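# Observations on the model geometry
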Amino acid sequence: MRRLISALFLLLLITVGSSASPTHWQKRVREPCKKLVLYFHDIIYNGHNAKNATSAIVGAPSWGNKTILAGQNHFGDVVVFDDPITLDNNLHSPPVGRAQGFYIYDKKEIFTSWFAFSFVFNSTQHKGSINFAGADPLMNKTRDISVIGGTGDFFMTRGVATLSTDAFEGEVYFRLRVDMNLYECW
Amino acid sequence: MRRLISALFLLLLITVGSSASPTHWQKRVREPCKKLVLYFHDIIYNGHNAKNATSAIVGAPSWGNKTILAGQNHFGDVVVFDDPITLDNNLHSPPVGRAQGFYIYDKKEIFTSWFAFSFVFNSTQHKGSINFAGADPLMNKTRDISVIGGTGDFFMTRGVATLSTDAFEGEVYFRLRVDMNLYECW
Amino acid sequence: MRRLISALFLLLLITVGSSASPTHWQKRVREPCKKLVLYFHDIIYNGHNAKNATSAIVGAPSWGNKTILAGQNHFGDVVVFDDPITLDNNLHSPPVGRAQGFYIYDKKEIFTSWFAFSFVFNSTQHKGSINFAGADPLMNKTRDISVIGGTGDFFMTRGVATLSTDAFEGEVYFRLRVDMNLYECW
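To keep things clear, this report deals only with the structure shown in the data block. Fair warning: this is a prediction, and the values are worked out from it, not measured in the lab.

### Concerning the overall build of chain A
A tally of regular secondary structure across chain A gives one helix and eleven strands. Beginning at the N terminus, the succession of helices and strands in chain A can be written as α-β-β-β-β-β-β-β-β-β-β-β. Among the 186 residues that make up chain A, the fraction classed as buried is 56%. Taking as baseline every contact in chain A between residues at least 6 positions apart, the subset at least 24 positions apart corresponds to 46%.

### Describing the packing of aromatic side chains
Counting across every chain of the model gives 69 aromatic pairs over all chains. For the pair W63(A) and F75(A), a centre-to-centre distance of 6.2 Å together with 15 degrees between the ring planes defines the contact as stacked. Of this pair, W63(A) sits in the loop between β4 (55–59) and β5 (78–86) while F75(A) sits in the loop between β4 and β5, and the two are twelve residues apart along the sequence. Their ring planes at 80 degrees and their centres at 4.8 Å tell us that Y183(A) and F155(B) sit as a pair that is edge-to-face. On the criterion of chain membership, the pair formed by Y183(A) in strand β11 (residues 173–184) and F155(B) in the loop between β9 (143–152) and β10 (158–169) is interchain, its members lying in two chains.

### A short note on the state of the cysteines
Residue and element names in this part refer to chain A. Per the counting criterion, the structure on display carries three disulfides over all chains. A disulfide bridge connects C33 with C185, and the sulfur atoms are separated by 2.0 Å. Between C33 and C185, the S-S torsion sits near 85 degrees, and that sign places the bridge as right-handed. Placement of the pair is C33 in the loop between β2 (27–28) and β3 (34–43) and C185 in the segment after β11, with a sequence separation of 152 residues.

### Here we look at the pairing of strand β8 (residues 127–136) of chain C
Residue and element names in this part refer to chain C. Counting buried positions along β8 yields nine of ten residues, so the element is predominantly enclosed. The pairing of strand β7 (residues 113–122) with β8 spans ten bridges and is classified as antiparallel. By the bridge assignment, A116 is partnered in β8 with A133. If you look at the hairpin formed by β7 and β8, you'll find four residues sitting between the two strands. In textbook terms, the turn of a hairpin is the stretch between consecutive antiparallel strands, and for β8 and strand β9 (residues 143–152) this stretch comprises six residues.

### Regarding the pattern of salt bridges
Summed over all chains, the structure comprises 21 salt bridges over all chains. R158(A) is the salt-bridge partner of E184(A), the closest N and O atoms lying 3.5 Å from each other. In this pair, E184(A) is assigned in strand β11 and R158(A) in strand β10 (residues 158–169), connecting sequence segments 26 residues apart. As far as the burial class goes, E184(A) and R158(A) line up, both buried. For the salt bridge of R175(C) with D166(C), the shortest nitrogen-to-oxygen distance reads 2.7 Å. Residues joined in a network through salt bridges with shared partners are R158(A), E184(A), R158(B), E184(B), R158(C) and E184(C).

### Examining the side chain of N181(C)
Residue and element names in this part refer to chain C. With respect to the helices and strands, N181 occurs in strand β11 (residues 173–184). Polar contacts involving the side chain of N181 include one to the side chain of K35, which spans 3.0 Å. In this view, N181 contacts P32, K34, K35, G159 and V160; residues no more than four positions away in its chain are not counted.

Rules of the game
- Chains are numbered independently. Their residues run from 1 in the order of the written sequence.
- As a convention, the first chain written is A and the first ligand written is 1, with the rest following in written order.
- Per-residue local features are limited, in this predicted model, to residues with pLDDT of at least 70; the limit for side-chain atom pairs, both in listing and counting, is 80 or more; totals at the level of whole chains, interfaces and linings are taken over all residues.
- Each side-chain value is derived from all of the structure's non-hydrogen atoms; neither hydrogens nor water enter the calculation.
- Segments assigned H or I by DSSP are reported as helices when at least four residues long, segments assigned E as strands when at least two residues long, and all are numbered from the N terminus.
- Burial here depends on accessible area, computed with a 1.4 Å probe over protein chains only, as a share of the maximum for the residue type. Under 20% is buried, over 50% is exposed, and the range in between is partly exposed.
- The criterion used for residue contact is that any of the two residues' heavy atoms lie within 4.5 Å.
- Each Phe, Tyr or Trp ring (for Trp, its six-membered ring) is paired with any other whose centre lies within 6.5 Å, and the angle between the two planes then decides the class: stacked below 30 degrees, edge-to-face above 60, tilted in between.
- Two cysteine sulfur atoms make up a disulfide if the distance between them is within 2.5 Å.
- Only when DSSP finds a minimum of two bridges between them are two strands counted as paired.
- Every case where a carboxyl oxygen of Asp or Glu lies within 4 Å of a side-chain nitrogen of Lys or Arg is listed as a salt bridge.
- We call two N or O atoms a polar contact when they sit within 3.5 Å, provided that within protein one can donate a hydrogen and the other can accept it, with sequence-adjacent residues counted only if both atoms are side-chain atoms.

See below:
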């Protein structure tokens, strides 16, 4: 009897012990382990704003050129950017990092784009980077893209980022609000 | 004795209880949690097919231009696309969404390409998007690329997509079959 | 008493049994499950080296062209590559695969770039591919980008790759060392 109970106890210790080991198991919950809201600001080079521009058209279809977004809803334009990231919606707030990458306009009939870029942080609050990719059907109020990885403070992260156009001025300036919900945090 | 058994029982309840909590643990099995087979159809703009074209050359090497794929196995051509996705291999079937993104030809000696794109669904069956990236050595019968994320019905998904060229006509039309095996489903 | 112990034992078997099932649970540990160090070699086409070049400028800003990297720290240049991967830092070592994809220069003030590419292996040691994306602030000694997926031997992998510029010659040749730490291995 006593031996049976001892055996039971040993088994229990093993079972319970395994969950208290230094490696921790990954939970898959639909609640974010981290949330972040940031803004970034894109000023497209148009031939006259070299000083302020943060992005430039670098690819265009045969009917386009590189100082003005092409006709047919900019279909085929490729834009490379290095945009300031701010904590609020003010272009002149101190940037906490840079949004770096590119977007393409990819539909003739309406405005829609595709993004691949990184948030590269350099602030007291955050070091490291977050990498994004996904379709941005920009006529929708909100659009979801994927957080596909991260480094530094955002080591190995994954999640979903909801983009919304916070403001735009003609075809030169736009500001994107990015609501990040990270579901994998290491 | 009774107290010992009570203690054992309490421990058991804790152990068992933790696995019955609303958060569920992630299994890592090499069996897909979701499988999908879809087709997409690419019609490259060649200067004469503006009405039907679903893609356009937007970047080319110094020896290329934008209405015909470049010599040297199209090395350096960048193509932006917005292609209809269908459930079967018929271009004229009702599309269930759009394949949006770009591909590049990236080898001088043979045809090979690199893809980054999204499936953006808009059908009664599927809402949301799936994001892809990877090398497509298109002379091979099948090629594997990565599913790097998803949104909506495909929230946080990951997996492997096997591409195969289902048909092509000259250098203007090709149809890709995509066999998706998703191994992470939230 | 005996029945109580029997019940306890049954519970234990269920608990212990569940962790011994054929599906194994994912551990989340900050220790790599696989480590790899590889080099790749990029020779940019400059109008005179067609035979040796492994990459070409395919997109450029309005102030650039396609046989020389643009002013303003190459901001806006898009380069497509198909570079040999070697086990050591010798360009002439037998390649174990090809690094295929593209990079963009994305800042006016300093050199910095953004990469999306695959390692496509074809050696006795490795079959399959690894996919990468991320910012490469190349003036830093080391830069971390994300491993966003893989196929074949690297099925479903994720991790962090640390890039460092191992050597460069003018603006035509550079060699990158890639230290991969994979934290998800299936």
